[in-house]
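Okay, here's what each chain looks like letter by letter:
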Amino acid sequence: MNEQNERELAHALADIITAQPHEIRIGRKTLRLYPVTLAKTFVLRRWMDALEIDASLLKVNPYVECLRLAETQREKVAEILAVHSAPNTQKDLHDSRSRAMRRNLFASVKTDHLAGLLMAVLTQDKTDELTQYLGLSAERERLTEVLALKREGCKNNLSFGGKSIFGAFIGQLKEMGYTDEEILFERSYSYLRLMLADKVTNIYLSDDELENLPQNAGGTLLDGDDDSDMDQLEALIKAGGEKRPQ
């Protein structure tokens, strides 16, 4: 990963931690595109499905695909942006009158500007890249190795549930102390995914199991008692708070 990519991911992480919205101006109006919450992902799903996005073209040349969508499906694109620009509360997300006003405002902008806004919301999710960047993917792989080792010595252990978003996502976050309001409407989906990906897990191992443990298992990312780690986090937050070009 080059320095530019690392800098972009550091800024993306800071934006997630600080819930940084992207401010835009349309005429004399100022709107903000807020981080996507879990509730917003479900509201947006029907509109995203209706767009019939060419995923391959979006990956190769996102602006060209967004320009096509802005030209041919302006009302749907405006509706999607209206959802993204709702403040992250349950009341604001369900405020249909305010949403309609924002939708009409977005529908009034020039096609190329509308395409640029659509591209911004379609390419903003960096959660998977951050999972790699922060070392969380490798950490989960080590956890999988340890759990596999435990299962070998405890073949009668059974687990149930966790088959839907309720048990596999919402339930785990509630156990961590998050409320339904935070999980659904306030915290960004990326924030919650990263929180679960880096959830501290303690596993007891016998002496025999410990001998068979892979050498690279274990480890942590940021230590709250380590000044250098906290300085790093503070620097990331400050970087994300800098004003960026519109």
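Further up the page is the structure itself.
Residues numbered from 1 in each chain as written. Predicted model: local features only at pLDDT ≥ 70, side-chain atom pairs only at ≥ 80, totals over all residues. Heavy atoms only, no water.

Draft legend 1. Highlighting the pairing of strand β1 (residues 22-26). Taken together, the five bridges between β1 and strand β2 (residues 29-33) define a ladder with antiparallel strand orientation. Each residue of the ladder has a partner; that of Ile-24, found in β2, is Leu-31. Connecting β1 to the next strand, β2, in antiparallel fashion are two residues, including Gly-27 with a positive phi near 65°. (Pairing = 2+ DSSP bridges. Helix = DSSP H or I, 4+ residues; strand = E, 2+ residues; numbered from the N terminus.)

Draft legend 2. Highlighting the pattern of salt bridges. Under the defined criterion, the tally for this structure stands at eight salt bridges. Here Arg-7 ties to Glu-3 by a salt bridge, and the two come within 3.0 Å at their closest N and O atoms. Separated by four residues within a single helix, Arg-7 and Glu-3 lie in helix α1 (residues 3-18), roughly one turn from each other. Taking relative accessible area as the criterion, Arg-7 reaches 35% and is therefore assigned partly exposed. Among the ionic pairs, Asp-180 bridges to Lys-174, the shortest N-O distance being 3.0 Å. Look at Asp-180 and you get partly exposed, because its relative accessible area is 40%. A relative accessible area of 41% means that Lys-174 is categorised as partly exposed. (Salt bridge = Lys/Arg side-chain N within 4 Å of Asp/Glu carboxyl O. Buried < 20%, exposed > 50% of the residue type's maximum accessible area, 1.4 Å probe, protein only.)

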